[in-house]
Amino acid sequence: MSTNADSPVIAIVGATGLVGSEMLVVLEERKVPCAELRLLASQDSAGEVYKFHEQEIAVQELTEDSFEGVDIALFGTSAELSAKYVPMAVKAGATVVDNSSHFRMDPTVPLVVPEVNPEAITSKTKIIANPNCSTIQLVPVLKAIHEIGGLAHVVVSTYQSVSGAGKHALDELWSQTLAIFNQQDMPQEAFQHQIAFNCIPQIDVLLDNGFTKEEYKIINESRKILGLKDLRITATAVRVPVFYSHAESVFVETEREVSPEALAKRLSSIGGVVAHVASDDYPMQIDIAGQDDIHVGRIRRDESVPFGLSMWIVADNVRKGAALNAVQIVESLTLCRT
């Protein structure tokens, strides 16, 4: 940690992207102690100015020398850029919280959701991986179920907003929608199919067995975070024409009886999770955008198995699914080193 553990020098790498700019907002909202904040991005973005606690900060070009004196580096970059620059940041003395997929399944790197496994962070940790957005909103619920009933089998179907694919994807949904209404030629670059008024049952690359990389992120990351390497879990990931927030339809078979009421009560005791008890009080993506909490509704007994539950989980993928979770990791990291 820094010479001043109570007020570290923090850098945001990829500061002008969707996740990086949201990290800036969350750091300010949560009043995270910070002696200095550096905003790093590509050469094209260098010179852009952002406000942080009434201070104007200019974006600097990301280079090999950017991390001198940095205590904590928040990476909101691609896996390729993280693979290149994270080791440089660590070598310069920084502790890294990386939002890309590059380090997530590295057995030496903790994969952390603070509501689930904060103990994975130690005073010696130098790289911490931020999980996939869909995993982040799923595992606190799975942990709660496992604690009271034991997890036997999990089936997840995701309904993922276009913001999960970046700024260009948001622009494409908007421009396609306008093109359809105005009967104009429709642009299509961000996705392999039209996204406006459509659902695409493929996120990331298709593998030889028919699953996608995104689906395996949910499967493997959930196992790692929960410490359940043999958990029977499968996933289908779908991109939907929604701007912000991911939703998940989740079926869980438990080892012991768990009533919907017991699960709702347990979820309500977890910070950052909101349980919607009434059947018609279900969370929707349009309402949850911009919120910090993970919302769980339509909790019901699934009668297809002796012990089963079905539910609907919604969270803002850019906020809780990326930026907020990363900042919460910084807060946990700071606590364990003071």
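Computed from a predicted structure; not experimentally measured.

Enquirer: When you look at the environment of Ile-218 in this model, what are you seeing that I'm missing?
Expert: Inspection of the secondary structure assignment puts Ile-218 in helix α5 (residues 213–226). Spatially, the C-alpha atoms of Ile-218 and Val-19 are 19 Å apart, while their sequence positions differ by 199 residues. Ignoring sequence-local partners within four residues, the contact set of Ile-218 consists of Asn-132, Ser-134, Thr-135, Leu-138, Thr-158, Gln-160, Ile-233 and Ala-235.

Enquirer: Would you mind showing me how to read the layout of surface pockets here?
Expert: Any space left empty among the atoms is revealed by the rolling of a water-sized probe across them. Its volume calculated, the largest pocket comes out at about 1200 Å³. Considering the residues around the largest pocket, the lining is formed by 46 residues, among which Thr-77, Ser-78, Gly-164, Ala-165 and Gly-166 are closest to the centre. Of all elements in the fold, only α1 (18–29), α2 (79–91), α4 (167–181), α5 and α8 (319–336) reach the threshold of two or more residues within the lining of the largest pocket. Looking at the lining of the largest pocket, the element that brings in the most residues is α2, giving four residues. For the lining of the largest pocket, the residue count by class is 16 nonpolar, 23 polar and seven charged.

Enquirer: I tried to follow the nonpolar core on my own but got confused; where do I start?
Expert: Generally speaking, nonpolar side chains in soluble globular proteins are found buried as a group. With 54 residues, the main nonpolar core has Phe-67, Phe-75, Val-154, Leu-267 and Met-311 as its most contacted residues. No other element matches helix α3 (residues 133–149), which puts seven residues into this core. Non-local contacts of Phe-75, meaning those with residues more than four positions away in its chain, are made with Val-13, Met-23, Phe-67, Ser-82, Tyr-85, Val-86, Ala-89, Val-96, Val-97, Asp-98 and Asn-99. Ala-15, Leu-37, Val-97 and Val-330 belong to the second largest nonpolar core, which has 29 residues in total.

Enquirer: What exactly am I supposed to notice about the packing of α3 against α5 here?
Expert: For any two helices packed against each other, one specifies the inter-axial angle together with the distance between the axes. The contact between α3 and α5 brings their axes to 10 Å, and the two run at 40 degrees. Relative to α5, α3 is oriented oblique. Here α3 and α5 pass one another in a crossing that is right-handed. Across from Ser-134, Thr-135, Leu-138, Val-139, Leu-142 and Lys-143 in α3, the residues of α5 making contact are Glu-214, Lys-217, Ile-218, Glu-221, Ser-222, Ile-225 and Leu-226. For the contact of α3 with α5, the residue count by class is six nonpolar, three polar and four charged.

Enquirer: Explain α3 to me, please; I cannot follow it from the model alone.
Expert: Each α-helix turn comprises 3.6 residues. Residues three or four places apart therefore point the same way. Across its 17 residues, α3 extends 25 Å between first and last C-alpha, which sits within 8% of the 24 Å expected from 1.5 Å per residue. If you look at α3, its biggest bend is around 30 degrees, right at Val-139, and the proline Pro-140 turns up within four residues after that. Counting buried residues in α3 gives 13 out of 17 residues, a clear majority hidden from the surface. Put simply, Asn-132 is the residue that caps the front of α3, since its side-chain oxygen is 2.9 Å from the backbone nitrogen of Ser-134. After α3 finishes, the residue Gly-150 shows a positive phi value of roughly 80 degrees.

Enquirer: Is there a simple way to explain the packing of aromatic side chains in this structure?
Expert: The description of an aromatic ring pair rests on the distance of the ring centres and on the angle between the ring planes. Enumeration according to the criterion identifies five aromatic pairs in this entry. Ring centres of Trp-174 and Phe-243 lie 6.4 Å apart, and the angle between their planes is 50 degrees; on these two criteria the pair is classed as tilted. Separated by 69 residues along the polypeptide, Trp-174 in helix α4 and Phe-243 in the loop between β10 (233–239) and β11 (246–254) bring together distant segments of the chain. The class for Phe-243 is partly exposed, based on a relative accessible area of 34%.

Enquirer: Looking at this structure, I do not really get the sheet that holds β10. What am I missing?
Expert: Strand order in the open sheet made by the six strands is β10-β9-β11-β14-β13-β12, with mixed pairing throughout. Since the sheet does not close on itself, it has two edges, and those belong to β10 and β12 (273–275), each with one partner. On average, each strand axis in the sheet is inclined to that of its neighbour by 20 degrees, with strand direction left out of account. The sheet contact formed by strand β9 (residues 151–160) and β11 spans eight bridges and is antiparallel. Bridge pairing links Val-154 to Val-252 in β11.

Enquirer: Honestly, unusual backbone geometry in this entry has me stumped. Any pointers?
Expert: When glycine is set aside, most residues are seen to have a negative phi, and most peptide bonds are trans. Even without being a glycine, Phe-197 presents a positive backbone phi close to 60 degrees. Here Phe-197 shows up in the loop between α4 and α5. Positive phi is not limited to glycine here, since Arg-298 has a value of about 50 degrees. In this structure, Arg-298 sits in strand β13 (residues 294–301). Relative accessible area serves as the criterion here: at 42%, Arg-298 is assigned to the partly exposed category.

Rules behind the numbers
Residues numbered from 1 in each chain as written. Predicted model: local features only at pLDDT ≥ 70, side-chain atom pairs only at ≥ 80, totals over all residues. Heavy atoms only, no water. Helix = DSSP H or I, 4+ residues; strand = E, 2+ residues; numbered from the N terminus. Contact = heavy atoms within 4.5 Å. 1 Å grid on protein atoms, 1.4 Å probe; cavity = no way out; pocket = protein on both sides within 12 Å on 5 of 7 lines; lining within 4 Å. Points joined across faces, edges and corners; volume = space filled by probe spheres on them. Nonpolar A, V, L, I, M, F, W, Y, C, P; charged D, E, K, R; others polar. Core = buried A, V, L, I, M, F, W, Y, C linked by side-chain atoms within 4.5 Å. Buried < 20%, exposed > 50% of the residue type's maximum accessible area, 1.4 Å probe, protein only. Axes fitted to C-alpha atoms, helices over the stretch in contact; angles between N-to-C directions. Parallel < 35°, antiparallel > 145°, perpendicular 65-115°, else oblique. Left-handed = near helix turned anticlockwise from the far one by under 90°. Expected span 1.5 Å × (residues − 1). Bend = angle between axes of the 7 residues up to and from the residue. Polar contact = N/O pair within 3.5 Å; in protein donor to acceptor, adjacent residues only side chain to side chain. Phe/Tyr/Trp six-rings, centres within 6.5 Å; stacked < 30°, edge-to-face > 60°. Pairing = 2+ DSSP bridges.

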